[in-house]
Amino acid sequence: IEEWNVEYAEGQDFQSLKRAADEIVNTDTPVAFPTETVYGLGADATRSSAVKAIFAAKGRPSDNPLIVHIHSLPQLRQLLSDKGAPSPESDPIPAIYKPLIERFWPGPLTLILPVPEKTVLAPEVTAGLSTFGARMPRSILALSLLRLCGRPLAGPSANASTRPSPTAAEHVYDDLQGRIHTIVDGGPCEVGVESTVVDGLSSPPSILRPGGVTVEQLRQCPGWEDVTIGYKDKQEGGASKPRAPGMKYRHYSPKAEVILFEAGATRPARAEVTKKSKVGIIRTKTWDAALGLGAAETSVSQTNGHVNGASQPSAASSIPTDAPSRLSNLLRSVIQHQIPHAQRHTLDSSGTEAWDINLGAETEDVARGLFSALRELDKKGVEVIFVEGIDDTTGDDIAAAVMNRLRKAAEIRT
Ligand code: TXA
Ligand code: MG
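Not measured: the values here are computed from a predicted model.

Focus on the overall build of the chain
- Across its full length, the chain holds 12 helices and 15 strands.
- Considering the chain as a whole, with its 414 residues, one finds that 57% of them fall into the buried category.
- Summarising the internal contacts of the chain: among those between residues at least 6 apart in sequence, 72% fall at separations of at least 24.
- Entry remark: accessible area of the chain is about 16700 Å², with carbon and sulfur atoms responsible for 49%.

Laid out in structure tokens, this is it:
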């Protein structure tokens, strides 16, 4: 991971990525790109005008700092040294992070690092803080784009502010069409929830946002055995000041009301479901087919449009298939993930129309399909979404990240 080589990329895919990189380097319009977690909205992190355009495109409050994406450790060391000067004898990367970098980079982990006195980072990136978040993504497309740009990229999730994060190019298109020119389409994201953000500068170190790396995985690393939970998701809007600035805003919200049932809570009764005329249901481990509401009326087999390397437009897709940024099947076939879609049920007696999505019993699948499910149900125009939560008390899977996002989007039933 000291250096990433993109020379394998040739032909059409390379040209598409090169064009995206040129746009980032030569203009102030941000470019959306896939990572293994969610799609990011990238701009040159060293140029204020470009970084400002990210906030404008997303409608994001300017006091919420951005993550800086890098492709190599030499590139990170430059960011940690005054004005990007060659690093002094000692390694500027804090020792506490070494085991994490070794084990999880490239990957879904963001490290909080000190901003040097004379920094090359645009002030808008850090929103005035003395620290910045850095992440080396493992998506080959993201790494290649970073390498082609040759500069660090500020990159928040590529959704409109307050909306669920985008886990497919179509989601970015739905939110940001008319505001950006280019989306690098790499198909559905592998992880589906954002990176874990950790602060190793405080003692003991803490987790500021749960994500694609689990608490248990962190605790196995030297110096991280006693890592604390530095985020709150069970009572939002309390008096205490959130430590990760992004966590204080309304987040991950579809237009429909979300009613989250914590794992083990009594599932919604039929009478509650049939109160509305159009409802959404997101099932995970135990709820049965549409809560026993009856057989699916239409079971049209829908795909995410990226199955078997074929590029079929999906039901949820509104992105033009001839979009110039679309990568050829060769490169996108590296990443093949299926996302489940909604099935329609009609309840004879009540007339309630129910759209049911089964994310499956595996936590990884729930994480991968979650944001897509919230967005799809919004498109169906449901008034309320009933969600079956999952157990996040063990710490040995990414359930904490899933439940954190859901609690932010929802009213909670326990
Ligand atoms: O997986 C990810 O992290 C994705 C992909 C695109 O890399 N990016 C992402 O960025 O989720 P964003 O901007 O949506 O979330 C960044 C989070 C926010 O909660 C922000 O407050 C926190 O990281 N953050 C950034 N810099 C920070 C800092 N210096 N101190 C504390 N928290 C920080
Ligand atoms: Mg975000």
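Having seen the structure, we can now continue with the description.
Some details on the pattern of salt bridges
- Counting across every chain of the model gives 21 salt bridges.
- Taking the shortest distance from any N to any O, the salt bridge between Arg-47 and Asp-28 comes out at 2.5 Å. Remark: Asp-28 occurs in the loop between helix 1 (11-26) and strand 1 (31-33) and Arg-47 occurs in the loop between strand 2 (40-44) and helix 2 (48-58); sequence separation between them is 19 residues.
- The partly exposed category is assigned to Arg-47, whose relative accessible area is 21%.
- The class for Asp-28 is partly exposed, based on a relative accessible area of 32%.
- In this structure, Glu-190 and Arg-138 form a salt bridge, with 2.8 Å as the shortest nitrogen-oxygen distance.

Overview of the environment of Asp-91
- Within the fold, Asp-91 resides in the loop between helix 3 (73-80) and helix 4 (98-104).
- On the basis of relative accessible area, Asp-91 is assigned to the partly exposed category, the value being 31%.
- Separated by 129 residues in the primary sequence, Asp-91 and Gln-220 place their C-alpha atoms 23 Å from one another.
- Within polar-contact distance, the side chain of Asp-91 engages the side chain of Arg-77 at 3.0 Å.
- Within the local environment of Asp-91, its side chain forms a polar contact with the backbone nitrogen of Ile-93, the two atoms lying 3.0 Å apart.

Quick notes on the sheet that holds strand 12 (residues 343-346)
- The sheet built from 6 strands is open, its strands ordered 12-13-11-14-10-15 with mixed pairing. Two strands in the sheet have a free side with no partner beyond their single neighbour: strand 12 and strand 15 (411-413). Within this sheet the neighbouring strands show an average axis-to-axis angle of 25 degrees, counted without direction.
- Relative to strand 13 (residues 353-358), strand 11 (residues 278-283) is paired through 6 bridges, and the arrangement is parallel. Residue Lys-278 lies in a different strand from strand 13, and its bridge partner there is Glu-353.

Quick look at the environment of Asp-82
- Here Asp-82 is to be found in the loop between helix 3 and helix 4.
- It is 57 Å that separates the C-alpha atoms of Asp-82 and Lys-278, two residues lying 196 residues apart in sequence.
- Contact partners of Asp-82, with chain neighbours within four places excluded, come to Pro-116, Glu-117 and Lys-118.
- Here the side chain of Asp-82 touches Glu-117 through a polar contact of 3.2 Å, landing on its backbone nitrogen.
- Among the polar contacts listed, one links the side chain of Asp-82 to the backbone nitrogen of Lys-118, at a separation of 3.2 Å.

Some details on the confidence of the model for the chain
- Residues at a pLDDT of 70 or more form 81% of the chain, whose mean pLDDT is 85.
- When the criterion is pLDDT under 50, residues 236-243 qualifies, and its contacts beyond four places in sequence or with other chains add up to 9 contacts.
- Predicted confidence for residues 321-326 stays below pLDDT 50, and this span has 15 contacts to residues more than four positions away or in other chains.
- Note on the complex model: pTM 0.88, ipTM 0.99.

What about helix 11 (residues 363-379)?
- In this model, helix 11 (17 residues) spans 24 Å end to end at C-alpha, consistent with the 24 Å of a helix rising 1.5 Å per residue.
- The largest bend in helix 11 comes to about 45 degrees, at Gly-369.
- In terms of burial, helix 11 is largely enclosed, as 14 of its 17 residues are buried.
- Looking one or two residues past helix 11, Gly-381 carries a phi angle of roughly 80 degrees, positive in sign.

Description of the packing of helix 11 against helix 12 (residues 399-409)
- Closest axis-to-axis distance for the helix 11/helix 12 pair is 9 Å, and the angle between their directions is 30 degrees. The orientation of helix 11 with respect to helix 12, classified from their angle, is roughly parallel. Note on packing geometry: the crossing formed by helix 11 with helix 12 is left-handed. Facing Thr-363, Val-366, Ala-367, Leu-370 and Phe-371 of helix 11, the residues of helix 12 in contact are Ala-399, Val-402, Arg-405 and Leu-406.
- Its residues assigned to classes, the contact of helix 11 with helix 12 comprises 7 nonpolar, 1 polar and 1 charged.

Thresholds applied
Residues numbered from 1 in each chain as written. Chains lettered and ligands numbered in written order. Predicted model: local features only at pLDDT ≥ 70, side-chain atom pairs only at ≥ 80, totals over all residues. Heavy atoms only, no water. Helix = DSSP H or I, 4+ residues; strand = E, 2+ residues; numbered from the N terminus. Buried < 20%, exposed > 50% of the residue type's maximum accessible area, 1.4 Å probe, protein only. Contact = heavy atoms within 4.5 Å. Areas by Shrake-Rupley, 256 points an atom, 1.4 Å probe, with all protein chains shown as cover. Salt bridge = Lys/Arg side-chain N within 4 Å of Asp/Glu carboxyl O. Polar contact = N/O pair within 3.5 Å; in protein donor to acceptor, adjacent residues only side chain to side chain. Pairing = 2+ DSSP bridges. Axes fitted to C-alpha atoms, helices over the stretch in contact; angles between N-to-C directions. pLDDT = per-residue confidence, 0-100. Expected span 1.5 Å × (residues − 1). Bend = angle between axes of the 7 residues up to and from the residue. Parallel < 35°, antiparallel > 145°, perpendicular 65-115°, else oblique. Left-handed = near helix turned anticlockwise from the far one by under 90°. Nonpolar A, V, L, I, M, F, W, Y, C, P; charged D, E, K, R; others polar.

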